[in-house]
Every structure is written in structure tokens, then in C-alpha cells.
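Listed below are the residues making up each chain.
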Amino acid sequence: MKDLKLCALKNNDNKRTVIKVGDVRIGLDFVIIAGPCSVESEKQTIITAQKVKEAGADMLRGGAFKPRTSPYAFQGLGIKGLKILEKAKKETGLPIVTEVIDPRDASWVCEYADILQVGARNMQNFSLLKEVGKTDKPVLLKRGMYSTLSEWLNCAEYILAEGNPKVILCERGIRTHETYTRNTLDLSIVPAAQEVTHLPIIVDPSHGTGRLSLIPPMSMAAVAAGADGIIVESHYKPCEALCDKDQALDPEMFRDLATRVRSLREFMENLDKERYDESKFIELI
Ligand code: PEP
Ligand code: MN
């Protein structure tokens, strides 16, 4: 892959990128992003935000624009959803991670988002990548469900080439012949990506498995694989979720998961002090 000469690839100095969002240094501190699949109402979003914050989340996720398989499924609240996220941020202080699906929306969605998410279905939407690349917001770039590491890194490159160095990769499962799980969470991509790129990489075990019972163990496995964080779906009343209800952690489950994940990460940091040595990182503002 070295012959590709991508900016996303590591240099000889082996430094890794750190992206600062609020108090969290993504790529150095372990980041936990949690929240509903979609913003459904002010009540749902704010209660969920408060619950995940109390349980130890660093950031709130929630889609206002939803890329749905069916055109008849709930498509998100759009601008109204973004305003609800703004309110949730004001109430909890949690930075907002939200998806942008249309290149025409990238610049103004920045007014509400602390991190712009590009979803798996849009990983190779090159016009969208160029537009988010023109913003100054960090971009959470999900791996496309059929893409190789090289294709994924080329998509990150589209963003970097526009002048935005703040790309966070996110493994969210790929399509395989397995049907028991929603996708096959490819955790080997975490150390593989870290061998070749300096960009941070986090894991989404919610879309990666689609099964509540599998999210906690795969979150722990993500930590053990060396991921820089996780993004998980949580809802204050999962049975009422309009989107992805089968993978929504209730506040109790999320609290338990966050506690276990943090303690495993601490263990890992003690185990491998050199790896987490701050001098190995480049700080980005
Ligand atoms: C999401 O995070 O809500 C989402 C739609 O994820 P993905 O793009 O990974 O399917
Ligand atoms: Mn979802």
C-alpha cells in the first residue's frame, strides 16, 4: 500500500494523529460515543443524552438525516432534529456526532455538528467526501460494507486532499455470507489500519452485529484490538425506537458496558505503556 503515496499513510516517524473534540483527544484518549440511531423527539433525545452522559459517554450520536434502505421508512427529522441535538448539547455539554448524507448540506450541518458522520452507504460518495473535506469539522468516516482497507483509505484521502486533516475511521461491519449477525464486525481491520495509517480508528459494534447481546462482548474485543473508541446506539426506551430498536442499549446496559470498557482500556494502557506514550502523537487543534 506504500506505493499509493497517500497522506493517510504513516510516515517513517510512526506518529499518529490526535483530533481534539471538546476535552477528548481522539486517538489518544479512549472515546465513547453513544446515543440513539435517530433523533425522534426532543424528549427522547434529551433524556437519552442525559442518561448516556451520566453513564460515562464522551459524545452524543444521533441522526437527523437517516440513510434508510426503504424510502418509506422514517427518514429523520432533518433541520428540526439538528435543533434538538443543539438543545441536547446545551443541556449536557456533550459534543454532537451526526450524519450528513447530501453534499449540499455539509457546510450548514457544521453549525450543529462537532463531528460530521459519513455513513457506510456513502463512503464512496466522492462529492460528499469533497464537501466535508472543505469544512473544518472532524469527519467520522464509516467503512463501506463491501470495501477493502485500501478503498477506505482512498476515501479518507479525498477528505484530506481538500485540506481537512481530521478524519476518524470507523469499522461498522462488512457483508459476508453470515446471516445470524446484521454484519460481520471485522476487528482485524483495527490493527491492520493502525499498521498503515496514522488516523484514529473506532468501532461500531451496534451496526457491526445488530444484536444487543453481542454489543458488550464486541465492545470489549474492540478495546482489546486497540481501537481508539467505540460508537454505540442507546435509547432511553428501546422498545419505542423508530430505527434500529433491536440494537439499542437501554441506559442500564450502556452504563455497564461503559464501565467495563473503561476498565479494560485502563488495563491495556498499563500493559503497554509505550504504545500510549503521548510523545508518539501529533496534536491537532
Ligand atoms: C448509523 O450510524 O446510524 C448508520 C446508519 O450507520 P452505518 O452507516 O454504519 O450503517
Ligand atoms: Mn442505526
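Residues numbered from 1 in each chain as written. Chains lettered and ligands numbered in written order. Predicted model: local features only at pLDDT ≥ 70, side-chain atom pairs only at ≥ 80, totals over all residues. Heavy atoms only, no water.

Engineer: Mind showing me how you'd approach the site of ligand 1 here?
Structural biologist: Ligand 1 sits among C37, R61, K66, E99, Q117, G119, A120, R121, K142, R172, H207 and E233. Taking R121, its side chain carries an N or O atom lying 2.8 Å from an oxygen atom of ligand 1. R172 has a polar side-chain atom sitting 2.6 Å from an oxygen atom of ligand 1. The fraction of the free accessible surface of ligand 1 (290 Å²) that becomes covered by protein chains is 97%. (Near = heavy atom within 4 Å. Polar contact = N/O pair within 3.5 Å; in protein donor to acceptor, adjacent residues only side chain to side chain. Areas by Shrake-Rupley, 256 points an atom, 1.4 Å probe, with all protein chains shown as cover.)

Engineer: Help me understand the coordination of the manganese ion (ligand 2), please; the structure alone is not making it clear to me.
Structural biologist: Geometry sets the ideal angles at a metal, namely 109.5 degrees for four tetrahedral donors and 90 or 180 degrees for six octahedral donors. Within the protein, C37 (SG), H207 (NE2), E233 (OE) and D244 (OD) serve as the donor atoms for the manganese ion (ligand 2), at 2.0 to 2.4 Å. Of note, the donors binding the manganese ion (ligand 2) are all from one chain and are spaced C-x169-H-x25-E-x10-D. Of this pair, C37 sits in the loop between strand 3 (31-35) and helix 1 (42-54) while D244 sits in the loop between strand 10 (229-233) and helix 9 (251-271), placing them 207 residues apart in sequence. When sorted by exposure, C37 lands in the same class as D244, which is buried. (Donors = N, O, S within 2.8 Å, 3.2 Å for Na, K, Ca; no water. Helix = DSSP H or I, 4+ residues; strand = E, 2+ residues; numbered from the N terminus. Buried < 20%, exposed > 50% of the residue type's maximum accessible area, 1.4 Å probe, protein only.)

Engineer: Would you mind going over the pairing of strand 1 (residues 16-21) with me for this structure?
Structural biologist: Taken residue by residue, a regular strand's side chains alternate between the two faces of the sheet. Among the six residues that make up strand 1, five are buried, leaving the element largely enclosed by the rest of the structure. Taken together, the four bridges between strand 1 and strand 11 (residues 281-284) define a ladder with parallel strand orientation. Paired with I19 across the bridge in strand 11 is L284. Taken together, the three bridges between strand 1 and strand 2 (residues 24-26) define a ladder with antiparallel strand orientation. (Pairing = 2+ DSSP bridges.)

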